Amino acid sequence: MLKYITIIGSGAIGSLWAYYLQQAGFIVTVVGRQCHNNPIELTVILPNQQQKKITLNYLNQQLPSHSDLVIVATKAYQVSAAISPWLTQLIQTPIMLMHNGMGCVEQLPLNKIQPILLATTSHGGLKTSISGLSHTGVGQTFIGVYQGMAQEQGQLICQALNRALPQVAFSASIAKTLWTKLAINCAINPLTALAQCRNGELIGHQHQQVINDVHQEVILVATALNIGLDDKILRENINDVIHKTANNYSSMHQDIVNKRLTEIDFITGYLIKQAEKLAIAVPTNQRLYQQIKQLETKIPSQ
Ligand code: KPL
């Protein structure tokens, strides 16, 4: 039975899950770099603007003595450092990676028996302060098994999380789900960061050609990898997310504005790496990647 859940990462997505899981009756601990070893009262603004208060347990870079599930909800570039030191200690504990982009799981020194789940979520969250969180957009979460556990066990975890923050759906082809999200992020994130605009402004005529080119390049690479993405459906997915998150600023836009490192290496950078292995040209994604990297050089080292 799933009862004790540890969340590594105290940013918007980690805090969002911590709030909803604790409200649903799970015993939650949040582990973070800037956390102190004591409870913090979190004020949460729900999508209907209701304000809720909750007291969450935090640990500074140490795990509680027992977890039935560990969710890693850090930025993509922090995943490896956040979870690698604990892998031997967690050899039988399911670990779920929930981040933007792809490629993190391949960086982990995994034992074959380590149960690993991959997840992607489209919920929008904004951490307004150490104790302030806003649930800015209701989304969906998909979970799939990467290794080390039966699909049925993955489905049980999925059902438990669905009680806390629906909709959580089990994906039998998580690679396809992650590639769809990758394509959406390749299209929206760099463009909104460069144009310094909300997602909705990408509906404008001047961005359509670039979005089409990004989309076509993703399709070329995904097709060569047999991911099974449908050209037309993917374009609809991208447009749908642009419309549904029209008022939001993408995470990459927020990272650039707040002078933080972006996840470009795990989004566009991941696509480019796959394309290079297959000798497929992805010039539009290359250009967007270089432009974001150029912006990152202006960020003071973290
Ligand atoms: O995942 C996102 C992000 O901002 O990182 C999208 C889907 C683009 C929503 O803003």
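Everything below is about the structure shown above.
Caption draft 1: Spotlight on the nonpolar core. If you look at the biggest cluster of nonpolar residues, it comprises 60 residues, and the most contacted ones within it are Ile 83, Ile 95 and Trp 179. It is helix α4 (residues 174-195) that provides the largest number of residues to this core, a total of 11 residues. Counting residues domain by domain, this core receives three or more from each of domain 1 (4-172) and domain 2 (175-296). Discounting chain neighbours no more than four positions away, the residues touching Ile 95 are Val 70, Val 72, Ile 83, Leu 87, Leu 90, Gln 114, Pro 115, Ile 116 and Leu 117.

Caption draft 2: Expanded view of the packing of aromatic side chains. Considering all chains together, one arrives at two aromatic pairs under this definition. The interplanar angle of 80° and the centroid separation of 4.9 Å between the aromatic rings of Tyr 19 and Tyr 20 together place this pair among those described as edge-to-face. Accessibility classification places Tyr 19 together with Tyr 20 in one group, the buried group.

Caption draft 3: Broad picture of the side chain of Ser 67. Relative to the assigned elements, Ser 67 resides in the loop between β4 (51-60) and β5 (69-72). Engagement of the side chain of Ser 67 in a polar contact is seen with the side chain of Thr 6, the distance being 2.7 Å. Ser 67 has contacts with Tyr 4, Thr 6 and Thr 93, leaving out every residue within four places of it along the chain.

Caption draft 4: Fine view of the state of the cysteines. Within this structure, the stated rule accounts for zero disulfides. Cys 197 takes part in no disulfide bond, and the closest cysteine sulfur, belonging to Cys 186, lies 16 Å away.

Caption draft 5: View of the site of the ligand. In the vicinity of the ligand, the residues found are Asn 100, Lys 181, Asn 185, Ile 188, Asn 189, Asn 199, Val 241, Ser 250 and Ser 251. Measuring from an oxygen atom of the ligand, one finds a side-chain N or O atom of Asn 185 at 3.1 Å. Here an oxygen atom of the ligand and a side-chain polar atom of Asn 199 are 2.9 Å apart. Expressed as a share of its isolated accessible area of 280 Å², the protein-covered part of the ligand is 87%. If one sorts the elements of the shell around the ligand by residue count, α4 sits on top with four residues. Along the lines of polarity and charge, the residues of the shell around the ligand split into two nonpolar, six polar and one charged.

Caption draft 6: The pairing of strand β2 (residues 27-32), seen in detail. Across the six residues that make up β2, a large majority, five, are buried. Two elements, strand β1 (residues 4-8) and β2, share five bridges in a ladder whose sense is parallel. Within the sheet, the bridge partner assigned to Ile 5 lies in β2 and is Val 28. Pairing of β2 with β4, which is carried by four bridges, proceeds in the parallel orientation.

Caption draft 7: Focus on the pattern of salt bridges. In total, this model carries six salt bridges according to the counting rule given. In this structure, Asp 255 engages Arg 260 in a salt bridge whose closest nitrogen and oxygen atoms are separated by 2.9 Å. Here Arg 260 falls in the partly exposed class, since its relative accessible area comes to 31%. Through salt bridges with shared partners, a single ionic network connects Lys 75, Asp 255 and Arg 260.

Conventions adopted
Residues numbered from 1 in each chain as written. Predicted model: local features only at pLDDT ≥ 70, side-chain atom pairs only at ≥ 80, totals over all residues. Heavy atoms only, no water. Core = buried A, V, L, I, M, F, W, Y, C linked by side-chain atoms within 4.5 Å. Buried < 20%, exposed > 50% of the residue type's maximum accessible area, 1.4 Å probe, protein only. Helix = DSSP H or I, 4+ residues; strand = E, 2+ residues; numbered from the N terminus. Domains from an automatic or database assignment. Contact = heavy atoms within 4.5 Å. Phe/Tyr/Trp six-rings, centres within 6.5 Å; stacked < 30°, edge-to-face > 60°. Polar contact = N/O pair within 3.5 Å; in protein donor to acceptor, adjacent residues only side chain to side chain. Disulfide = S-S within 2.5 Å. Near = heavy atom within 4 Å. Areas by Shrake-Rupley, 256 points an atom, 1.4 Å probe, with all protein chains shown as cover. Nonpolar A, V, L, I, M, F, W, Y, C, P; charged D, E, K, R; others polar. Pairing = 2+ DSSP bridges. Salt bridge = Lys/Arg side-chain N within 4 Å of Asp/Glu carboxyl O.

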